[in-house]
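Now for the letters of each chain:
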Amino acid sequence: MTAPTGRRRVLLAAPRGYCAGVDRAVIAVEKALEQYGPPIYVRHEIVHNKYVVQTLERKGAVFVEEISEVPPGEIVIFSAHGVAPEVHREAERGRLASIDATCPLVTKVHKEAVRYAGEDYDILLIGHEGHEEVIGTSGEAPDHIQLVDGPEDVDRVEVRDPDKVVWLSQTTLSVDETMETVDGLKRRFPNLLSPPSDDICYATQNRQTAIKKVAADSELVLVVGSRNSSNSNRMVEVALGAGADAAYLVDNASEIDESWLEGVTTVGLSSGASVPEVLVEEVLAWLTERGYADVELVQPVDEHIQFSLPKELRRDLRAEAAARAAAS
């Protein structure tokens, strides 16, 4: 490998890593394990990160694909990506206690889908086919929602009344790509209604804003995240679009190819919204060992949002706290 000349540095993006919705979902599983003991069943991956899922499995979480895999009378947690109403009904039929760890921002999109379906709008859901969040949102109003999977899908959209059309979106998309799709839809349907607020979540926007800033000054950008994480994949795309010569998605430091550093003086580093900081620290240590010890924080936006735990868990936690207080 050709050693780079000049000062070698890392531009560390902020905000990065866990968003409020992911933090809430992971804590919900941890608290449920503490409160009720293992096993605690989780429908699908609680968040799209291999390290997080494996860590929770070691503590006693059991991840399942379908509700039918959960024994009657057990506790099941719904992931941060949200589920369709039919999944809630299936849990009730299976006599399961459920904890809904759906991100509140995803819940907002679900409520918008129900509202616009109730007003008989055609709903154009911008998102990626097969993604868990898209499946959950579509299940709220399947007769009114059609998926638009990027700008290339715009021309095939058909609606009943071009004056009663609204767009919603998956929360983890690229902001730029989403607005490109919206612009295409507006050209076809000039009276297209936008949701009351942007559906792209604050964390996705903030991480993409930071990665753009970092990528503009980096030859190489590393994004820590799992392959099935939509927002992590979008960050790689955004970095390349913002000027990075190369950008790669890695689950952890062991996946970095040392040849990527050839001729590189500046490495940009960030992580997806479902990534714990320990994995970023491992990458920083790996880079330090190879001469990139100078770390500069790049933080174009601040982020201070927090969400409370799911109501089911808060209720039981309050009951436990009250019982302890009465016994003392």
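Worth saying up front: this structure is predicted, and the values here are computed from it rather than measured.

## Overview of the packing of helix H1 (residues 20-36) against helix H2 (residues 50-59)
Phase 1: Put simply, H1 and H2 touch, their axes get as near as 11 Å, and they point 5 degrees apart. Taken together, the axes of H1 and H2 are roughly parallel relative to one another. When H1 is examined against H2, the residues Val26, Val29, Glu30 and Leu33 are found in contact with a partner set consisting of Val52, Leu56 and Lys59.
Phase 2: Grouping the amino acids of the contact of H1 with H2 by side-chain chemistry returns five nonpolar, no polar and two charged.

## A few points about the pairing of strand S3 (residues 61-64)
Phase 1: In this sheet, S3 lies alongside strand S2 (residues 40-43) in parallel orientation, the contact comprising four bridges. Note that in S3 the partner of Arg43 across the bridge is Val64.
Phase 2: Viewed along the sheet, the connection from S2 through H2 into S3 turns out right-handed.

## Notes on the state of the cysteines
Phase 1: Going through the model one piece at a time under the given rule, you end up with zero disulfides.
Phase 2: Unpaired in terms of disulfides, Cys103 finds its nearest cysteine sulfur in Cys19, a separation of 5.9 Å.
Phase 3: Among the residues examined, Cys103 registers a relative accessible area of 11% and is labelled buried.
Phase 4: No disulfide involves Cys201; its sulfur sits 5.8 Å from the nearest other cysteine sulfur, which is in Cys19.

## Structural notes on the sheet that holds S3
Phase 1: With parallel pairing, the four strands of this open sheet are ordered in space as S3-S2-S4-S5. The open sheet has two free edges, formed respectively by S3 and strand S5 (97-100), since each of these has just one partner strand. Ignoring strand direction, the axes of neighbouring strands in this sheet form an average angle of 30 degrees.

## Regarding the pattern of salt bridges
Side-chain pairs of opposite charge can arise whenever the charged atoms involved come near each other.
Phase 1: Across all of its chains, the model carries 20 salt bridges by this definition.
Phase 2: In this structure, Asp251 engages Lys50 in a salt bridge whose closest nitrogen and oxygen atoms are separated by 3.6 Å. Note that Asp251 is positioned in the loop between strand S10 (246-250) and strand S11 (266-271) and Lys50 in helix H2, a separation of 201 residues in sequence.
Phase 3: Residue classification places Asp251 among the buried positions, given a relative accessible area of 6%.
Phase 4: With relative accessibility at 43%, the residue Lys50 sits in the partly exposed group.
Phase 5: Its salt-bridge partner being Glu303, residue Arg207 comes within 2.9 Å of it at the nearest N-O pair. Here Glu303 lies in the loop between strand S12 (294-298) and helix H10 (311-327) and Arg207 lies in helix H7 (residues 202-215), a separation of 96 residues in the sequence.
Phase 6: By relative accessible area, which is 1% here, Arg207 ends up buried.
Phase 7: Residue classification places Glu303 among the partly exposed residues on the basis of a relative accessible area of 22%.
Phase 8: Look at the salt bridges and you will find they share partners, linking Arg7, Arg9, Asp294 and Glu296 into a network.

## A short note on the environment of Asp176
Phase 1: Note that Asp176 resides in helix H6 (residues 175-188).
Phase 2: Residue Asp176 is classed as partly exposed on the basis of its relative accessible area of 44%.
Phase 3: Each C-alpha atom of the pair Asp176 and Val238 lies 8.5 Å from the other, and the pair is 62 residues apart in sequence.

## Overview of the sheet that holds strand S8 (residues 165-169)
Phase 1: If you walk across this open sheet you meet the three strands as S7-S6-S8, and the pairing is parallel. In this open sheet, the two strands that pair with only one neighbour each are strand S7 (145-148) and S8. On average, each strand axis in the sheet is inclined to that of its neighbour by 30 degrees, with strand direction left out of account.
Phase 2: Here strand S6 (residues 122-126) runs beside S7; their pairing, made up of four bridges, is parallel. Across the sheet, residue Leu124 finds its bridge partner in S7, namely Gln146.
Phase 3: Running at roughly 165 degrees to S8, helix H4 (residues 104-118) makes contact with S6, S7 and S8 of the sheet.
Phase 4: Sitting on the sheet, H6 touches S6, S7 and S8, and the angle it makes with S6 is about 150 degrees.

Basis of the calculations
- Residues numbered from 1 in each chain as written.
- Predicted model: local features only at pLDDT ≥ 70, side-chain atom pairs only at ≥ 80, totals over all residues.
- Heavy atoms only, no water.
- Axes fitted to C-alpha atoms, helices over the stretch in contact; angles between N-to-C directions.
- Helix = DSSP H or I, 4+ residues; strand = E, 2+ residues; numbered from the N terminus.
- Parallel < 35°, antiparallel > 145°, perpendicular 65-115°, else oblique.
- Contact = heavy atoms within 4.5 Å.
- Nonpolar A, V, L, I, M, F, W, Y, C, P; charged D, E, K, R; others polar.
- Pairing = 2+ DSSP bridges.
- Right-handed = clockwise from strand over helix to strand, strands pointing away.
- Disulfide = S-S within 2.5 Å.
- Buried < 20%, exposed > 50% of the residue type's maximum accessible area, 1.4 Å probe, protein only.
- Salt bridge = Lys/Arg side-chain N within 4 Å of Asp/Glu carboxyl O.

Read these as geometric descriptors, not functional statements.
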